[in-house]
Every structure is written in structure tokens, then in C-alpha cells.
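The primary structure of each chain is shown beneath.
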Amino acid sequence: MERAGVEESSSVKKAKVASAAEAAASEVTVTLDSKLLDCSVCLSTLYPPLFQCIDGHIACSGCCEAVEYDCSVCGEPADIRCHAVENILGGMIARCSFREHGCTAIVPFTEKLSHEDSCLHAPCHCPIAGCRPYARKPLRDHLTMEHPEMQLSGVIAGDFYPMRIGEEESARVVSLYGTGAAFLLVVDRSVPLGGYTLSVIHLASEPAGQNDFKYKIQVSTRAGILCLSGKTQSVGCLRSPYQARASMFVEEDIWCPEYSPVYIELSPSYLACYSVAKLPSGR
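Residues numbered from 1 in each chain as written. Predicted model: local features only at pLDDT ≥ 70, side-chain atom pairs only at ≥ 80, totals over all residues. Heavy atoms only, no water.

**Some remarks on the sheet that holds strand E15 (residues 262-268)**
Strand order in the open sheet formed by four strands is E7-E15-E11-E12, with antiparallel pairing between adjacent strands. The sheet is open, and its two borders are formed by strand E7 (161-163) and strand E12 (224-231), each paired with just one other strand. With direction set aside, neighbouring strand axes in the sheet form an average angle of 25°. In this structure, strand E11 (residues 213-221) lies alongside E12, joined through eight bridges in antiparallel fashion. Each residue of the ladder has a partner; that of Ile217, found in E12, is Leu228. (Pairing = 2+ DSSP bridges. Helix = DSSP H or I, 4+ residues; strand = E, 2+ residues; numbered from the N terminus. Axes fitted to C-alpha atoms, helices over the stretch in contact; angles between N-to-C directions.)

The structure is reproduced here in C-alpha cells:
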């Protein structure tokens, strides 16, 4: 009985080895230009379902719907389902793009983007020009640890506060008294046109959108007063390079931040709405 058990165990091992060898023999490793897997419309990576025209130009279904199934390359109808390429993509695997940051995941190619959207190793970006991507942490913590030289100013809700920006200053942390909220006034001096781009970020410690704030920034230039106002962009961690939702560009020929201050006003949205409601009616 013991010998029979040993023989059976040996045959199971052989079967597993043979199965693994067969699977390895059926796999093909191919190196190709990743651009060949890009959609012909949005130029992003192709993901099923896919459609093509008679000339073989392939696009993802969302883009085909956007162009009403007319090929954006040649103008021919692009309503042919491309099952062959779908099957190829479905059988491919890929490494996470953030492996240099510590991620060792190997996922199906069609799940690569969704994995990277939630990857714990995905780097974050700093809105300060010249700062390199960093390991994932709240932007507020990054500024505290990596930019300790940054100046801090405090303002009272609803007050217009002047801030004189230093020659080398690229950002200023601004706290709103009584709320615990912190903001970042970004002064981007890397504009190729020659000037400054000003924007405001709410440094959210909770998921973005939990707290609503309004802002107003104003500068007095030789050409007149420039002003920008709106709802702050709440940021916990920037997953892509910073792009301000709204910004104000000031030419360096008409304004110098070292000599003319930036005026800033911050307030919770409910306070801003309350203030508007209390304005005189004009009678």
C-alpha cells in the first residue's frame, strides 16, 4: 500500500511538471513599441471593446462613439468589432509602471490602468516647480517635511490680506484662523512667456471635496488691477503633475511681486454665501 501511494504521488508530480511545461511552451514573449497599442483617436492605451475601419485603424469604443463610428484617420466607417486584437490584449500581462517605486505587481494588461489608479506605490506630485515626484503621502505632509523653509501666513475669514512674495519664493502656505484649514498660494515663475502664474490649492487632510472654501486673489499692476476668484481646488495627493483648475497670469513687465503684494481672501463657502445674502438691496 505504501509503495502504491509513493507511485501515485510521483505520477501526480510528473503530471504537474508536464502541464507546466506545456503551458510554458504555449507562451510567447514579444517586445513591441507600446505606441502600437494606442487608440488612434485619444492616443491612450487600447482597452476592449475595440472597433476598426476597413483600413485597420483601431479605436476604443468610447472614442468610436464620440466620433460617431467614423475613423478619425481615414474617414471610413469604424464599426467593425476587432476581436483578434481584443483576444491578444486579453492574454497579455504587464508590470505596474511604478515598479521603480516598489510595486512588484504583474497584472493582466487590460487591468493595468485600474491597478495603477489605486496602486499604493504610485508617486505623488508637488505643485512647486522643480520638486521631484515623491512616495505617496498627503501633499500637506510633503510640504512640511520637504519644504520646511516655506513661509506661513495666517488670515481671518473674509479679510483681504496683503502678502509680499519674496524674490525666490515659489509658494506660501496660508492658514485660515478658526478652521484648521490650510491653503497653498502657488507662484509659478517657470512660465515660458515671461511672467507669473498664481493659483490657490486647499491642502485637504481628508478626501478632496469634504470641505468647500472660496478664495479671491488680487494684484495691482501698472496696467490695472487683476483679480481671480472661485472655489478652491481641494488636494490630498496629486496623482499627476499639477494643473491649476483656475489661475491668473501676470506679465513680468507690469508687475513685480517683491514690490507689489498679492492680496488674498479666504472663507468657507457657507460664510461667503451668508455674506452675499446680507448685502444691501440698493433701496
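Okay, back to it.
**Examining the packing of aromatic side chains**
Taken as a whole, this structure holds five aromatic pairs when the rule is applied. Relative to Trp255, the ring of Tyr196 lies with its centre 5.4 Å away and its plane at 85°, an arrangement referred to as edge-to-face. A residue pair is termed long-range when its members are at least 10 positions apart, and Tyr196 in strand E10 (residues 195-203) and Trp255 in the loop between strand E14 (248-251) and E15 qualify at 59 residues. Taken individually, Tyr196 and Trp255 each receive the classification buried, so the pair is uniform in this respect. (Phe/Tyr/Trp six-rings, centres within 6.5 Å; stacked < 30°, edge-to-face > 60°. Buried < 20%, exposed > 50% of the residue type's maximum accessible area, 1.4 Å probe, protein only.)

**Observations concerning the nonpolar core**
One recurring pattern in soluble globular proteins: nonpolar side chains tend to sit buried together. Grouped together as the largest cluster of nonpolar side chains are 23 residues, with contacts concentrated most on Leu185, Leu198, Val200, Ile217, Val262 and Leu266. Elements with a minimum of two residues in this core: strand E8 (171-176), strand E9 (181-188), E10, E11, E14 and E15. The contact partners of Leu266, leaving out residues within four places of it in the chain, are Val155, Ile156, Ala157, Gly158, Val174, Leu176, Phe183, Val200, Lys214 and Tyr215. Ile128, Tyr134, Leu139 and Val173 belong to the second largest nonpolar core, which has 17 residues in total. (Core = buried A, V, L, I, M, F, W, Y, C linked by side-chain atoms within 4.5 Å. Contact = heavy atoms within 4.5 Å.)

**A short note on the side chain of His202**
Structurally, the position occupied by His202 is in strand E10. Residue classification places His202 among the buried positions, given a relative accessible area of 5%. Polar side-chain contacts of His202 include one of 2.9 Å to the side chain of Ser234. (Polar contact = N/O pair within 3.5 Å; in protein donor to acceptor, adjacent residues only side chain to side chain.)

**Remarks on the pattern of salt bridges**
Applying the stated criterion to the full structure yields four salt bridges. Its salt-bridge partner being Glu116, residue Lys112 comes within 2.9 Å of it at the nearest N-O pair. Placement of both Lys112 and Glu116 in helix H4 (residues 112-118) is noted, with a separation of four residues, approximately one turn of the helix. According to the relative accessible area criterion, Lys112 is buried, its value standing at 16%. Here Glu116 falls in the buried class, since its relative accessible area comes to 10%. (Salt bridge = Lys/Arg side-chain N within 4 Å of Asp/Glu carboxyl O.)

**Topic: helix H5 (residues 139-146)**
Taken residue by residue, H5 has Leu139, His142 and Leu143 as its buried positions. End-on view of H5: buried residues confined to an arc of 100°, all on one side of the axis. Considering only its buried residues, H5 is in contact with E9, E10 and strand E13 (233-235). (Arc of directions from axis to C-beta.)

**Some details on the state of the cysteines**
Formally, a disulfide is one covalent bond, and it connects the sulfur atom of one cysteine to the sulfur atom of another. One pass over the structure, following the stated rule, counts one disulfide. Note that Cys124 is cross-linked by a disulfide to Cys237, the S-S spacing being 1.9 Å. One disulfide, between Cys124 and Cys237, carries an S-S torsion of -95° and so falls in the left-handed class. Taken together, the positions of Cys124 in the loop between H4 and H5 and Cys237 in the loop between E13 and E14 put the pair 113 residues apart, joining distant regions of the chain. According to the relative accessible area criterion, Cys237 is partly exposed, its value standing at 25%. (Disulfide = S-S within 2.5 Å.)

**Description of the side chain of Ser260**
Among the secondary structure elements, Ser260 is positioned in the loop between E14 and E15. The class of Ser260 is buried, set by a relative accessible area of 16%. Beyond its immediate chain neighbours, meaning those up to four positions away, Ser260 contacts Arg164, Ser220 and Trp255.

**What about the sheet that holds strand E3 (residues 80-81)?**
Sheet strands line up and pair through hydrogen bonds in the backbone, either parallel or antiparallel. Taken in spatial order, the three strands line up as E2-E1-E3 in an open sheet, and their pairing is antiparallel. Strand pairing shows two members of the sheet lacking a second neighbour, strand E2 (58-60) and E3, which therefore form its edges. The pairing of strand E1 (residues 50-52) with E2 spans three bridges and is classified as antiparallel. The partner of Phe51 across the bridge, within E2, is Ala59. Contacts from helix H3 (residues 83-90) reach E1, E2 and E3, with the element oriented near 145° to E1.

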